[in-house]
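Below are the chains, spelled out letter by letter.
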Protein chains: 2
Amino acid sequence: MRSEFDKNLISNDTLRKLIDICGEKNCACKKEELVCYGYDATKKHFMPDVVIFPNNSGEVAAVMRLANEKKIFVTPRGAGSGMTGGALPVCGGVVMSLARLNRIINIDADNLTAEVEPGVVTGVFHKTVEKKGLFYPPDPASSAFSTIGGNVAECSGGPRAVKYGVTRDYILGLEVVLPNGNVINTGVRTAKGVVGYDLTRLIVGSEGTLGVATRIILKLLPLPASKKTIMATFNTMEKASQTVSAIIKSGIIPRKIEYMDNAAITCVANFTNTDLDTKAGALLLIEVDGSEYETEQQIKRLNILCRDTGAKEIKNAATKDEEAALWKARRSISPALFKYGSFKINEDIAVPRSKIPDMTNKIEALKKETGLMIITFGHAGDGNIHINIMLDKDNKKELEKGKKAVEDILDYALKLGGTISGEHGIGITKSVYMPKEIKEVELNLMKKIKRVFDPNGILNPGKIFV
Amino acid sequence: MRSEFDKNLISNDTLRKLIDICGEKNCACKKEELVCYGYDATKKHFMPDVVIFPNNSGEVAAVMRLANEKKIFVTPRGAGSGMTGGALPVCGGVVMSLARLNRIINIDADNLTAEVEPGVVTGVFHKTVEKKGLFYPPDPASSAFSTIGGNVAECSGGPRAVKYGVTRDYILGLEVVLPNGNVINTGVRTAKGVVGYDLTRLIVGSEGTLGVATRIILKLLPLPASKKTIMATFNTMEKASQTVSAIIKSGIIPRKIEYMDNAAITCVANFTNTDLDTKAGALLLIEVDGSEYETEQQIKRLNILCRDTGAKEIKNAATKDEEAALWKARRSISPALFKYGSFKINEDIAVPRSKIPDMTNKIEALKKETGLMIITFGHAGDGNIHINIMLDKDNKKELEKGKKAVEDILDYALKLGGTISGEHGIGITKSVYMPKEIKEVELNLMKKIKRVFDPNGILNPGKIFV
């Protein structure tokens with residue numbers, strides 16, 4: 001993409017104007033500074049020409065006005081924790097960090113709403129509202145450092161989505177700076193509102209390509225009084241999946257139903273000091289919430305359900321420490337994976353939950369066929385599976401095989417009625433696969449909507465659409 | 001709008017083609033037939049030129065292709081139960097009834113999804129899934145006859161929104177016929193999905209102006225095992241509203257929290273045989289759901305909360321019959337209102353729930369100022385208030401006063417951080433007020449999106465935008 005970037009060089013005059021808008025100390029131009037804002041969780045890297053840190057929505061608007069006038073690319077950036085390259089300045093230009101816009105403006109317990117700036121760290125927000133007995137459910141794995149603004153851009157999910165839904169379901173309204181510098185307000189501060197087209201949800205999940213959210217109105221819930229965890233192992237993934245179906249059919253919606261396949265269990269067992277059963281075909285980690293009585297009852301019923309579907313072993317966490325110990329297995333997967341290859345392809349397909357065994361069978365077949373190490377884990381409750389293909393990045397033949405396996409996996413997910421991305425989005429890593437799911441007519445509509453918002457194509461260029 | 005219509009006359013050739021597409025018996029041209037499809041719940045009337053009843057999405061697509069080619073207006077129609085004129089053929093042309101597309105295609109208990117055609121009656125769908133132990137929460141007051149397609153177009157709400165959200169929250173994906181006849185598929189069949197822009201939620205609530213949904217993928221929940229009702233009366237609306245805040249703060253989210261003001265109570269007491277306390281300033285009707293134990297506990301706590309905030313009287317429904325008797329009061333409001341004037345202006349503003357007393361105080365002041373009868377009731381749990389200004393339609397001065405009162409109410413709702421429509425939409429009755437809430441920049445974006453979908457402006461013309 002550097003050829004596009006070459007056309008997009010920032011003149012000294014423009015740089016001076018950016019400094020005038022944001023202040024000298026909020027504009028970084030030195031190479032060692034720029035390097036830090038050119039990567040994200042994809043580990044890909046693209047050099048920006050300048051990184052700016054606007055202090056408020058007025059400065060964001062002034063920057064966008066200038067960029068639109070000079071036709072300079074702007075890539076908005078939260079914490080850079082995205083998995084598909086949404087925050088990467090693939091065409092160079094300006095990286096606009098929203099880190100300074102990090103105020104929690106208000107938390108309204110009466111109306112169960114909050115208003116925040118985009119740079120608020122999701123995990124900080126969780127803790128802040130929980131101290132007030134309130135609850136913000138979206139919990140992407142990166143929540144310790146990801147920002148609400150980034151979560152809005154990507155429509156982030158997380159384990160609690162099975163019961164509580166995703167970021168989209170908690171965004172009531174937005175203040176958004178458009179690519180031309182105009183500021184719009186979308187949505188409402190009320191539980192209901194149906195005035196005009198739903199610009200709020202159009203912008204949520206648009207991966208920062210339609211506008212820069214500078215203020216976010218969130219819906220909150222009362223904090224559940226109690227939560228409890230149970231872990232169960234099974235001989236086969238089928239048994240685990242049958243258990244998930246039985247749980248849902250019984251009327252219990254746990255707040256998390258996570259699973260790990262045998263490869264993930266083994267990987268974690270080799271990496272950490274746990275007593276995980278490496279002979280188990282699959283493991284379920286289930287968390288329920290509600291009143292103290294309700295969670296007790298649910299855990300009792302889950303024990304019976306797991307036993308009935310033939311669990312090998314069931315562990316109930318009696319204390320917070322035991323709970324943490326059980327969840328340690330799940331949390332250890334990502335760090336443990338690094339031991340298995342210098343490079344991994346990370347996919348996050350979702351399938352209807354009853355189709356998980358079909359998908360895992362497909363992956364077993366692919367492992368045999370390709371000889372590749374493929375480790376799967378994820379959100380069994382909502383069918384969102386994280387598939388990790390471990391590769392030696394210097395082995396071209398292996399890379400080819402990996403690429404072919406990805407195509408097979410995505411095609412099969414779609415065949416099962418699923419989607420190629422449950423929560424990571426398209427960015428740059430999946431845009432080549434997008435036409436598998438989104439046909440030309442829909443793609444053209446999306447491209448035309450992009451042009452309505454951004455006729456000059458300056459905002460987060462090179463994303464979503466190939 | 002007839003002048004526009006005059007330009008839109010349907011030629012005999014076009015009529016013949018419509019008959020070729022849908023079949024002779026599925027095209028109505030006689031005046032007595034046309035009359036029936038020119039009205040809706042607004043009681044306004046506009047004559048269409050022809051009413052067609054396509055049998056499947058292929059026929060819908062063929063009609064749209066023809067209409068787009070000939071530049072003929074098409075107004076899609078569900079049950080005509082909308083409150084703002086969404087289904088009215090204000091520019092004449094074709095009314096396209098979706099009544100024949102009324103199949104429930106599947107109900108998938110494992111994955112908690114269903115797939116339906118737009119003409120399925122909401123109440124029929126409720127009963128069908130409930131028989132299978134499943135639950136579709138959106139429950140607009142018209143659900144006995146309104147259709148899921150109409151609910152999608154309007155993003156319908158209802159009393160259960162306080163706990164469960166609105167129609168938008170239960171639509172996973174759509175098959176949509178675009179104004180040019182192209183058929184698109186949006187969204188997913190999974191709980192999560194973030195591939196491309198969210199066309200699904202852009203179309204939900206767009207009041208049939210962007211496309212015609214011909215297939216709808218719905219999210220379901222397990223049916224709660226138990227529900228229970230409590231009614232409490234209060235001396236003042238403030239007390240009732242404080243109680244609502246106290247309930248939410250206590251961590252209980254009832255599935256319904258409905259209220260009636262003194263005028264609504266009196267109106268119903270005069271109309272039906274009930275023992276309602278006409279001296280009460282306000283009445284709350286609260287329904288909770290969950291497990292049997294959970295609802296019992298919640299009802300106990302609600303009794304304490306209502307007593308603590310100074311309820312005049314509390315009634316607990318012990319049986320299904322007692323429950324029905326309590327809800328009769330709420331259900332009787334609309335029919336009872338007809339006794340109080342030949343004409344009513346019906347608004348459905350929403351305010352943050354803690355602002356309900358401010359709004360009801362404003363209405364009390366307006367009553368005194370104008371001498372008009374104004375009756376309010378609605379969804380106290382989510383701040384969505386139905387305001388009914390009763391008028392003599394032959395009294396011009398009263399009509400003027402009513403119009404002025406509406407402006408005052410809408411302005412004040414916005415001042416309180418609310419919206420001019422919680423669940424009825426804009427249609428034709430509120431389009432003149434829309435610029436109060438949606439500023440020019442946002443409006444222009446919406447109009448440009450409309451042009452992306454419908455460059456010839458043939459689909460549901462004259463709606464939303466003035």
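Small disclaimer: the values here were computed from a predicted structure and weren't measured.

A. Region of the structure containing the interface of chain B and chain A. Of the residues lining the interface, 76 residues belong to chain B; the matching set on chain A comes to 76 residues. The junction of chain B with chain A conceals about 6300 Å² of combined surface from both sides, 65% of it contributed by carbon and sulfur atoms. Linking chain B with chain A are eight salt bridges, by the criterion used here. A salt bridge links A:R168 to B:D198; its shortest N-O distance comes to 3.2 Å. Broken down by secondary-structure element, the contributors of at least two residues to the side of chain B that touches chain A are β9 (183–187), α8 (199–203), α9 (237–249), α11 (292–308), α16 (434–437) and α17 (440–453) of chain B.

B. Focus on the domain arrangement of chain A. Residues and elements named next belong to chain A. We note that the domain assignment places domain 1 (104–222), domain 2 (226–334) and domain 3 (340–424) within chain A. Using only C-alpha atoms to locate each centre, domain 2 and domain 3 end up separated by 22 Å. The partner domain 3 presents 18 residues to the 20 residues of domain 2 that form the contact. Across the domain 2 to domain 3 interface the summed buried area is about 1500 Å²; carbon plus sulfur atoms make up 57%. Connecting domain 2 to domain 3 are zero salt bridges.

C. Empty space enclosed by the protein, seen in detail. Under the counting rule described, the total for this entry stands at two cavities of 30 Å³ or more. Of the volumes computed, that of the largest cavity is approximately 50 Å³. In this structure, the largest cavity is lined by A:M231, A:A232, A:T233, A:D275, A:L276, A:D277, A:E313, A:I314 and A:K315. Mapped by element, the contributors of at least two residues to the lining of the largest cavity are β12 (226–234) and β15 (313–316) of chain A. Residue composition of the lining of the largest cavity, grouped by class: four nonpolar, one polar and four charged. Its volume calculated, the second largest cavity comes out at about 30 Å³. Lining the second largest cavity we find B:M231, B:T233, B:D275, B:L276, B:D277, B:E313 and B:K315. Across the lining of the second largest cavity, the residue classes break down as two nonpolar, one polar and four charged.

D. Molecular detail of the sheet that holds strand β1 (residues 27–28) of chain B. All names here are of chain B. Spatial ordering of the open sheet is given by β1-β2-β4-β3, a layout of four strands whose pairing is mixed. Each edge of the sheet is formed by a strand with only one pairing partner; in this case those strands are β1 and β3 (74–77). Along the sheet, helix α2 (residues 12–22) contacts β1, β2 (50–52) and β4 (94–97); its crossing angle with β2, the most-contacted strand, is approximately 15°.

E. Here's a closer look at the pattern of salt bridges. For the structure on display, the rule yields 52 salt bridges over all chains. Salt-bridge contacts for A:K192 lead to B:E423; the nearest nitrogen and oxygen are separated by 2.9 Å. Of this pair, A:K192 sits in the loop between β9 (183–187) and α8 (199–203) while B:E423 is found in the loop between α15 (396–415) and α16, placing the two residues in two different chains. With a shortest N-O distance of 2.8 Å, A:K450 and A:D454 are connected by a salt bridge. Both residues of the pair, A:K450 and A:D454, belong to the buried class.

F. Expanded view of helix α14 (residues 356–370) of chain B. Residue and element names in this part refer to chain B. The terminal C-alpha atoms of α14 lie 21 Å apart, and with 15 residues this matches the ideal 21 Å at 1.5 Å per residue to within 8%. Along α14, the residues that are buried comprise I356, P357, M359, T360, I363, L366, K367 and T370. Residue G371 follows α14 closely and has a positive phi angle near 75°.

Rules of the game
Residues numbered from 1 in each chain as written. Chains lettered and ligands numbered in written order. Predicted model: local features only at pLDDT ≥ 70, side-chain atom pairs only at ≥ 80, totals over all residues. Heavy atoms only, no water. Contact = heavy atoms within 4.5 Å. Buried area = accessible area lost by both parts, 1.4 Å probe. Salt bridge = Lys/Arg side-chain N within 4 Å of Asp/Glu carboxyl O. Helix = DSSP H or I, 4+ residues; strand = E, 2+ residues; numbered from the N terminus. Domains from an automatic or database assignment. 1 Å grid on protein atoms, 1.4 Å probe; cavity = no way out; pocket = protein on both sides within 12 Å on 5 of 7 lines; lining within 4 Å. Points joined across faces, edges and corners; volume = space filled by probe spheres on them. Nonpolar A, V, L, I, M, F, W, Y, C, P; charged D, E, K, R; others polar. Pairing = 2+ DSSP bridges. Axes fitted to C-alpha atoms, helices over the stretch in contact; angles between N-to-C directions. Buried < 20%, exposed > 50% of the residue type's maximum accessible area, 1.4 Å probe, protein only. Expected span 1.5 Å × (residues − 1).

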